Amino acid sequence: MADKYISKEKIVRLFKDGQTIMCGGFANHGVPNKLIDCLLESGARHLTLISNDSGDADLTIGRLIRQGVVDKLIASHIGRNTDTIQLVEEGKIELELVPQGSLAERIRCGGSGLGGVLTKTGLGTMVAQGKQVITVNNEEYLLETALRADIALVRARTSDPLGNLTYHGTMQNFNPLVAKASAITLVDADMHVDIGELPLDSIVTPGAYVDYVLAAEESDHERA
Amino acid sequence: MNARERIAKQAAAYFAPGDVVNLGIGIPSLCGDYAAPGVMFHTENGLVGVGAICDGMLAVEGFSNATAMRFIPVPGASAFDSAESFGLVRSGKLAATVLGALQVAENGDLANWASPGRVFGMGGAMDLVNGARKVIIAMELTTRDGKSKILKQCSFPLTGKNCVDHIVTEQCVIDVTRDGLVLVALLEGLTPADIQKQIEPRLIVADHLATMPV
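Attention here is on the structure that accompanies the text. Because the structure is predicted, anything quoted here is derived from the model rather than measured.

1. Notes on the sheet that holds strand β7 (residues 110-111) of chain B
All names here are of chain B. Spatially, the 3 strands line up as an open sheet ordered β7-β6-β11, and their pairing is mixed. Both outer strands of the open sheet, β7 and β11 (150-151), are each paired with one neighbouring strand and no more. Relative to β7, strand β6 (residues 103-105) runs antiparallel, the two being bridged by 2 bridges. If you follow Val 104 over to β7, its bridge partner there is Leu 110.

Set out below in structure tokens:
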């Protein structure tokens, strides 16, 4: 059976200017840092980044902001990253703020063949501006549309050669969601096991969603 | 007990054993210290069963709350992705959320994520006020320069409309009701008039006014 392992050099070549990149991680935690290294090495610019937040200044995903490769950011919170705040204020990054739960659902929809989701979150606030309000069973909801990307960056705890993934604790966060919602899904796993070693009931992301797994020798086990 | 701790203790009195509760940053994050045993704490990134904040030799890899502080999960904790996390928030299974506020209006409108020149993002706050069965605001009654935070109408961008149930401050507890704001508890030594002069809307005084110990 063909495995999905790929070298860092080959991953670097997948990134192009103008792509939309989706990235797992939440407040610097459970971030696919090795794949962010690859993205930075590629030199790709003018990216649209979809992520819960933009990390801290020059840390984890925040390195993409510091290097100036992001033109547009779709996120729920930027308050941790002073670079992002400054670049948004200067108009150098276009920011779309989405409530956290709605962002998670928009990505989930994108990965599940759905056009969007109806939620009460954001009704009567700035978030509702320009969005459709739909009445179902006499209740008003906001239509939040699906999000997809060209490439997803996923941090997993364990991967097997087919890209079946498990996660650990709160390092899970947006990772299983972004894993499903992109044309190409890349995985940075802390540990690698053989086929059959993961109890099949504990697999969170089926390998069917995964295109490439960063080869084991490229992965670093000692990370925050 | 300082003012912040007094607010947290008073807000934690709303939790019952078995409740799943989400705590915001700042004063709300202190509520865990005063909660009844058996209350389970939720974190937005995706876990129910947040335990003590820890670092150094107690730090457990892989457990970090929504503000990136490491914690020890309690026995019986469960971890899941962020879509599941907010599904739980909106499902009605989240008993309460305790949040800070910049402004609260007479009708329960809340503004707590942006003020002029400071737009950092709402994070999970809009989902929490939409989904939690009880929305408790834990805050100091006025701004640092003595301006009222309880207003007839919010001027800052809203987090949610008509969403606040209780406002817990260092001086009093105010319930948001259909009739208006009702003063239900008052710090020992203060009078309702002391509170009224610090807030903009007219305050209704409850028939049975509780006393908050200093």
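Right, picking up where we left off after that structure.
2. Looking at helix α5 (residues 100-110) of chain A
Of all 11 residues making up α5(A), 11 are buried, and the element is well covered by its neighbours. Turning to α5(A), the residues buried within the fold contact β2 (20-23), β6 (116-119), β8 (139-145) and α6 (175-178) of chain A together with α2 (82-90) and α3 (125-131) of chain B.

3. With respect to α2(B)
When we look at burial in α2(B), the residues that qualify are B:Ser82, B:Ala83, B:Ser85, B:Phe86, B:Leu88 and B:Val89. Of the surrounding secondary structure, the elements contacted by the buried residues of α2(B) are α5 and α6 of chain A together with β2 (40-43) and α3 of chain B. Directly beyond the C-terminal end of α2(B), a positive phi value near 95° is found at B:Gly92.

4. Here's the deal with the environment of B:Pro213
Residues and elements named next belong to chain B. Its place among the elements puts Pro 213 in the segment after β15 (203-212). Residue Pro 213 is classed as exposed on the basis of its 9 C-beta neighbours within 10 Å. When the C-alpha atoms of Pro 213 and Gln 171 are compared, they prove to be 9.9 Å apart, with 42 residues separating the residues in sequence.

5. Focus: the packing of α5(A) against α2(B)
Where α5(A) meets α2(B), the closest approach of the two axes is 8 Å, and the angle between their N-to-C directions is 125°. Between α5(A) and α2(B), the crossing angle belongs to the class labelled oblique. Here the hand of the crossing between α5(A) and α2(B) comes out left-handed. Where α5(A) abuts α2(B), its residues A:Gln100, A:Gly101, A:Ala104, A:Glu105 and A:Arg108 lie against B:Ser82, B:Ala83, B:Phe86, B:Val89 and B:Arg90. A breakdown of the residues in the contact of α5(A) with α2(B) according to their chemical character gives 4 nonpolar, 3 polar and 3 charged.

6. Here we look at the sheet that holds β6(A)
Residues and elements named next belong to chain A. Taking strand neighbours across the sheet as the criterion, the 3 strands line up as β6-β8-β7 in an open arrangement whose pairing is antiparallel. Since the sheet does not close on itself, it has two edges, and those belong to β6 and β7 (133-136), each with one partner. Between one strand and the next, the sheet's axes are offset by a mean angle of 40°, whatever the strand orientation. Of the pairings in the sheet, the one linking β6 to β8 comprises 4 bridges and is antiparallel in character. Bridging across to β8, Leu 118 finds its partner in Leu 143. Taken strand by strand, α5 contacts β6 and β8, and its axis lies near 150° from that of β6.

7. With respect to the nonpolar core
Membership of the largest hydrophobic core comes to 122 residues, with the highest contact counts inside it found for A:Ala152, A:Val178, A:Leu186, B:Ile137 and B:Ala138. Considering every element that reaches this core, the biggest residue donor is strand β9 (residues 149-159) of chain A, with 6 residues. With near-sequence residues (within four places) excluded, A:Ala152 lies in contact with A:Met22, A:Val178, A:Ala179, A:Ala181, A:Ser182, A:Thr185 and A:Leu186.

Cut-off values and rules
Residues numbered from 1 in each chain as written. Chains lettered and ligands numbered in written order. Predicted model: local features only at pLDDT ≥ 70, side-chain atom pairs only at ≥ 80, totals over all residues. Pairing = 2+ DSSP bridges. Helix = DSSP H or I, 4+ residues; strand = E, 2+ residues; numbered from the N terminus. Buried ≥ 20, exposed ≤ 12 C-beta atoms within 10 Å, placed from the backbone. Contact = placed C-beta atoms within 7 Å. Axes fitted to C-alpha atoms, helices over the stretch in contact; angles between N-to-C directions. Parallel < 35°, antiparallel > 145°, perpendicular 65-115°, else oblique. Left-handed = near helix turned anticlockwise from the far one by under 90°. Nonpolar A, V, L, I, M, F, W, Y, C, P; charged D, E, K, R; others polar. Core = buried A, V, L, I, M, F, W, Y, C linked by C-beta atoms within 7 Å.

Any link to function would need more than the numbers given here.
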